[in-house]
Amino acid sequence: MKPDLFQSPDYYLLDDLLTEEHKLVRDSARAWVKKEVSPIIEEYAQKAEFPHQIVKGLAEIGGFGPYIPVEYGGAGLDQISYGLIMQEIERGDSGVRSTSSVQSSLVMYPIWKYGNEEQRMKYLPKLATGEWIGCFGLTEPDHGSNPGGMITNFKDMGDHYLLNGAKMWISNAPFAQIAVVWAKNEEGRIHGLIVERGMEGFTTPETHNKWSLRASATGELIFDNVKVPKENLLPNKSGLGAPLGCLDSARYGIAWGAIGAAMDCYDTALRYSKERIQFDKPIGATQLQQKKLAEMITEITKAQLLTWRLGVLRNEGRATSAQISMAKRNNVNMAIEIAREARQMLGGMGITGEYSIMRHMMNLESVITYEGTHDIHLLITGMDVTGFSAFK
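The rules behind each value
- Residues numbered from 1 in each chain as written.
- Predicted model: local features only at pLDDT ≥ 70, side-chain atom pairs only at ≥ 80, totals over all residues.
- Heavy atoms only, no water.
- Helix = DSSP H or I, 4+ residues; strand = E, 2+ residues; numbered from the N terminus.
- Rg over C-alpha atoms; globule rule 2.2 N^0.38 Å.
- Buried < 20%, exposed > 50% of the residue type's maximum accessible area, 1.4 Å probe, protein only.
- Contact = heavy atoms within 4.5 Å.
- Areas by Shrake-Rupley, 256 points an atom, 1.4 Å probe, with all protein chains shown as cover.
- Lys, Arg positive; Asp, Glu negative; His and termini not counted.
- Charge placed at Lys NZ, Arg CZ, Asp CG, Glu CD.
- Domains from an automatic or database assignment.
- Buried area = accessible area lost by both parts, 1.4 Å probe.
- Salt bridge = Lys/Arg side-chain N within 4 Å of Asp/Glu carboxyl O.
- Polar contact = N/O pair within 3.5 Å; in protein donor to acceptor, adjacent residues only side chain to side chain.
- Pairing = 2+ DSSP bridges.
- Patch = residues over 30% accessible without salt bridge, like charges linked within 9 Å, V, L, I, M, F, W, Y side chains within 5 Å.
- Axes fitted to C-alpha atoms, helices over the stretch in contact; angles between N-to-C directions.
- Parallel < 35°, antiparallel > 145°, perpendicular 65-115°, else oblique.
- Left-handed = near helix turned anticlockwise from the far one by under 90°.
- Nonpolar A, V, L, I, M, F, W, Y, C, P; charged D, E, K, R; others polar.
- Expected span 1.5 Å × (residues − 1).
- Core = buried A, V, L, I, M, F, W, Y, C linked by side-chain atoms within 4.5 Å.

1. Some details on the overall build of the protein
Per the secondary structure count, the protein includes 10 helices and 9 strands. For 392 residues, the compact-globule formula gives about 21 Å, and the C-alpha radius of gyration of the protein, at 21 Å, lands near that figure. Each principal axis of the C-alpha atoms in the protein carries an extent, and together these give about 80 × 45 × 40 Å. Going through the 392 residues of the protein one by one, you find that 56% of them count as buried. Put simply, of all contacts in the protein between residues at least 6 apart along the chain, 75% involve residues at least 24 apart. Summed over its atoms, the accessible surface of the protein is roughly 17,000 Å², and 53% of this surface lies on carbon and sulfur atoms. Here the protein contributes 41 positive and 47 negative side-chain charges, whose respective centroids are spaced 3 Å apart.

The structure is reproduced here in structure tokens:
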């Protein structure tokens, strides 16, 4: 088991832009990842298993709803702190960050923003401690980039709702206690429903044979005449804008998280370049390897500046969905390119589990697709700057 020697790159001294609280939050998350995630994550990725023993630690470092107010069990932190936590967790593994950001942005966020006080008090404290894990049901077998076409639906049966349909590619589904599910009512309006494990007709079969996010549990949500109590409807927002608001928060976290994966690949390649001797000198002394490393740190620095500014705008309530899409698309693409270059720098060693790079590269193939594909985010930016929608 190799020690975690990670050193975070900060080429433009961005720490100067962070508060003492930001740095304390980040450093706590970094120390926890080094101690609890790095030593075990290769084994769990190889086994395609989620390490359930880390859930308590994730909660303790603020990995579940860090911006949720203290009265509901959250840490009451700002958006930059949330981003920094996601960065550090994804530096360890994208799959672990997926568990964290789904819980935070796709489960706790809609209950906090769209739920009533009774729902907040019932669910949020247990989600914040990790006693309960949640999942988010939007994507369907035939409706990914076009979630508005969903066919999952519910009917008013008088004293309850009757829910039918299916969702797929759902992180945390196999072991989640609750699911925030988006479905159409009889008028075709999209609403959020809180579905609890144990409700008759609700099953969560696990998705196997993944080559990506192997340390994250993925599954389906199947609803076969599930009776959902009326008090489980999220009352304060409906329509497609409701789940898209959750996705804004998740995509923002991903924009930060991808930097963590990129930093880990860069740091690994940089250290290797100083130690690996070929033709009687370290490969880091050659022009081609220096070119790769210089381009990596340049792109990481640009992404750091992009997300920091986006975090400031989020704190001020001024960040737009299109700005978040730009950051998610740019940073994940940046990270996957760095992973590929870093893998080449390590040669054959780059494909082994002795180093983290190949695992990051495989994980990022999912990250570049989920919460809005690479191409969809491009079209969101295109629509924003031209005023024309290319979706229809």
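2. Let's talk about the domain arrangement of the protein
According to the domain assignment, the protein contains domain 1 (14-129), domain 2 (134-237) and domain 3 (241-386). A C-alpha centroid distance of 30 Å is found between domain 2 and domain 3. At the junction of the two partners, domain 2 supplies 9 residues and domain 3 supplies 11 residues. Surface buried jointly by domain 2 and domain 3 totals about 910 Å² across both partners, of which 76% is contributed by carbon and sulfur atoms. Summed over the shared surface of domain 2 and domain 3, the number is 0 salt bridges. Where domain 2 meets domain 3, there are 4 residue pairs in polar contact (both at pLDDT 80 or more).

3. Considering the pairing of strand β5 (residues 190-196)
In terms of residue burial, β5 counts as a mostly covered element, since 7 of its 7 residues are buried. Every second residue of β5 is oriented toward a common face, with Ile190, Gly192, Ile194 and Glu196 on one face and His191, Leu193 and Val195 on the other, all of them buried. For strand β4 (residues 178-184) and β5, the ladder comprises 7 bridges, and the chain directions are antiparallel. Pairing of Val181 across the sheet is with Leu193, part of β5. The hairpin formed by β4 and β5 contains 5 residues between the paired strands, and Gly188 there has a positive phi angle of roughly 90°.

4. Considerations on a nonpolar patch on the surface
A cluster of nonpolar residues, Tyr11, Tyr12, Leu17 and Leu305, forms a patch on the protein surface that exposes about 450 Å² of accessible area. Inspection of the secondary structure assignment puts Leu305 in helix α7 (residues 287-315). Look at Leu305 and you get partly exposed, because its relative accessible area is 34%.

5. Overview of the pattern of salt bridges
As enumerated under the stated definition, the model contains 23 salt bridges in all. For Arg340, the salt bridge is made with Glu365, and the minimal N-O distance between the two is 2.6 Å. You can see Arg340 sitting in helix α8 (residues 321-345) and its partner Glu365 sitting in helix α9 (residues 357-367), a full 25 residues away along the chain. Assessed through its relative accessible area of 38%, Glu365 is described here as partly exposed. In the salt-bridge network here, residues are joined through shared partners; they are Asp4, Arg91 and Asp264.

6. Quick notes on the packing of helix α3 (residues 79-92) against helix α6 (residues 241-275)
With their axes 7 Å apart at the nearest point, α3 and α6 run at an angle of 45° to one another. Here α3 is positioned oblique relative to α6, judged by the angle of their axes. For the element pair α3 and α6, the recorded crossing hand is right-handed. Contacts between α3 and α6 pair Gln79, Ile80, Tyr82, Gly83, Leu84, Met86, Gln87, Glu88, Glu90 and Arg91 from the former with Ser249, Tyr252, Gly253, Trp256, Gly257, Ala258, Ile259, Gly260, Ala261, Met263 and Asp264 from the latter. Here the residues of the contact of α3 with α6 sort into 10 nonpolar, 7 polar and 4 charged.

7. Considerations on helix α10 (residues 374-386)
With 13 residues, α10 extends 19 Å from end C-alpha to end C-alpha; this agrees with the ideal 18 Å at 1.5 Å per step. The set of residues buried in α10 consists of His374, Ile376, His377, Ile380 and Thr381. Of the surrounding elements, those touching the buried residues of α10 are α6 and α8. Once α10 finishes, Gly387 follows within two positions and takes phi at roughly 85°, a positive value.

8. Describing the nonpolar core
Ranked by internal contacts, the top residues of the largest apolar core, which has 63 residues, are Ile111, Leu127, Ile178 and Trp182. In this structure, Ile178 is in contact with Val107, Ile111, Tyr123, Leu127, Trp132, Ile133, Gly134, Cys135, Ile194, Val195 and Glu196, ignoring residues within four places of it in sequence. If you look at the next biggest cluster of nonpolar residues, it comprises 34 residues, including Ala262, Tyr266, Ile300 and Tyr370.

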